[in-house]
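If you want the building blocks of each chain, they are given just below.
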Amino acid sequence: TVYASQQEASVIVAARIATLIKAKQAKGETAVLGLATGATPVKVYSELVRLHKEEGLSFSNVVTFNLDEYYPIQPTAKQSYVAFMHEHLFNHIDIAPANIHIPDGTLNKDAIHAWCLEYEQKIEKFGGLDIQLLGIGRTGHIGFNEPGSAPNSGTRLVTLEELTRRDASRDFGAKENVPSKAITMGIGTIFKAREIILMAWNKTKASIIKKAVEGDITGEVPATFLQLSSSVEFIVDEDAASEL
Ligand code: GLP
């Protein structure tokens, strides 16, 4: 779906999330949200904060699972996805801290595998993800599932591509400061969500959006696997859609 602007599209995505939360509230149920970081979802989060502050939208029945986190990284580092999520969303809404789940960038290497399995089990315990938000990296990654990721991959430790680290250097000052690894939900984890919304804005994303939507399905561009899902919607602005 192509919208005139990021702002317009973000308000619509936030409204959909709010509708889900309220429908679950009415039934006494929990809404399980899969969240993404990066510049792409920022306006969705600011609109959710506005709905909380101005229209009384409550997040008391919301459980969240973030897609990914750099590894290694301290949660207190300003580039951590823990810091990002608190700055843009969690500090401004009434979500219970215990309901927030973000991959742990401080784990010992030998504890990561078990931790990742537990992350998957926790998502299942809450009944699975109702909505998973996604951005897209210029390598075609979703979460941090870089080229070569398997369509049935689960949450795991991955190595970041050079281009991904270069793109992240705007937050870390220099590429050398960007962690070389990350913990990410897998493509298989993402696929289990009942609804997947991939968002992309601006000309910089036009060529990867073309590949993701129209290209051959290949592990070399992990986002092409989304063509196999009937629960996915790409929500883009006119610039990101300009090569379609
Ligand atoms: C990072 C994140 C992805 C995100 C991508 C695009 O690699 N791990 O989840 O989609 O960046 O970032 P941006 O939204 O800033 O373009």
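Where an unreviewed UniProt entry is consulted, the protein appears under the name Glucosamine-6-phosphate deaminase, with the organism given as Filimonas lacunae.

Asks: Honestly, the overall build of the protein in this entry has me stumped. Any pointers?
Replies: If you tally the helices and strands in the protein, you get seven helices and ten strands. What you see for the protein is a C-alpha radius of gyration of 17 Å, in line with the 18 Å of a compact globule of 244 residues. Dimensions of the protein, computed from C-alpha atoms along their principal axes, come out at roughly 45 × 45 × 35 Å. Relative to its 244 residues, the protein shows a buried fraction of 42%. Partitioning the contacts of the protein with sequence separation of at least 6, the portion at a separation of at least 24 is 79%.

Asks: Please explain the sheet that holds strand β7 (residues 156–159) as it appears in this structure.
Replies: What links the strands of a sheet is backbone hydrogen bonding, and the strands pair in either a parallel or an antiparallel sense. Spatially, three strands are ordered β4-β8-β7 in an open sheet, and the strand pairing comes out antiparallel. Looking along the sheet, the strands with just one partner apiece sit at the ends: β4 (68–71) and β7. Adjacent strand axes in the sheet meet at a mean angle of 30° when their direction is disregarded. Pairing between β7 and strand β8 (residues 181–184): four bridges, direction antiparallel. Residue pairing across strands places valine 158 opposite alanine 182, the latter belonging to β8.

Asks: What's the story with the environment of glutamine 227 in this structure? I'm lost.
Replies: Within the element layout of this structure, glutamine 227 appears in the loop between α7 (206–214) and β10 (232–237). Separated by 102 residues in sequence, glutamine 227 and lysine 125 have C-alpha atoms that sit 27 Å apart.

Asks: Explain the site of the ligand to me, please; I cannot follow it from the model alone.
Replies: Lining the immediate environment of the ligand, one finds 13 residues, of which Gly38, Ala39, Thr40, Gly135 and Gly137 sit closest. When the residues that make up the shell around the ligand are grouped by side-chain class, the tally is five nonpolar, seven polar and one charged.

Asks: Help me understand the UniProt feature "domain: Glucosamine/galactosamine-6-phosphate isomerase" (unreviewed entry) in the protein in this model?
Replies: As recorded in UniProt, the sites labelled "domain: Glucosamine/galactosamine-6-phosphate isomerase" (unreviewed entry) are residues 6–227. The straight-line gap between the two end C-alpha atoms of residues 6–227 is 23 Å; of that span, 37% is helix and 15% is strand.

Asks: I keep staring at unusual backbone geometry and nothing clicks. Help me out?
Replies: Excluding glycine, residues mostly have negative phi values, and the peptide bonds linking residues are mostly trans. That bond from tyrosine 71 to proline 72 is cis: its omega, -10°, falls within 30 degrees of zero. Here proline 72 lies in the loop between β4 and α3 (81–88).

Asks: I keep staring at the sheet that holds strand β5 (residues 100–101) and nothing clicks. Help me out?
Replies: As summarised here, the arrangement of the seven strands in space is β1-β10-β9-β6-β2-β3-β5, forming an open sheet in which the pairing is parallel. Of all strands in the sheet, those bounded by a partner on one side alone are β1 (2–3) and β5. Both strand β6 (residues 131–134) and strand β9 (residues 196–200) contribute to a ladder of three bridges, which runs parallel. Considered in β9, the bridge of leucine 134 is made with leucine 198.

The rules behind each value
Residues numbered from 1 in each chain as written. Predicted model: local features only at pLDDT ≥ 70, side-chain atom pairs only at ≥ 80, totals over all residues. Helix = DSSP H or I, 4+ residues; strand = E, 2+ residues; numbered from the N terminus. Rg over C-alpha atoms; globule rule 2.2 N^0.38 Å. Buried ≥ 20, exposed ≤ 12 C-beta atoms within 10 Å, placed from the backbone. Contact = placed C-beta atoms within 7 Å. Pairing = 2+ DSSP bridges. Axes fitted to C-alpha atoms, helices over the stretch in contact; angles between N-to-C directions. Near = placed C-beta within 6 Å. Nonpolar A, V, L, I, M, F, W, Y, C, P; charged D, E, K, R; others polar. UniProt positions renumbered as here; feature names shortened; annotations may be inferred.

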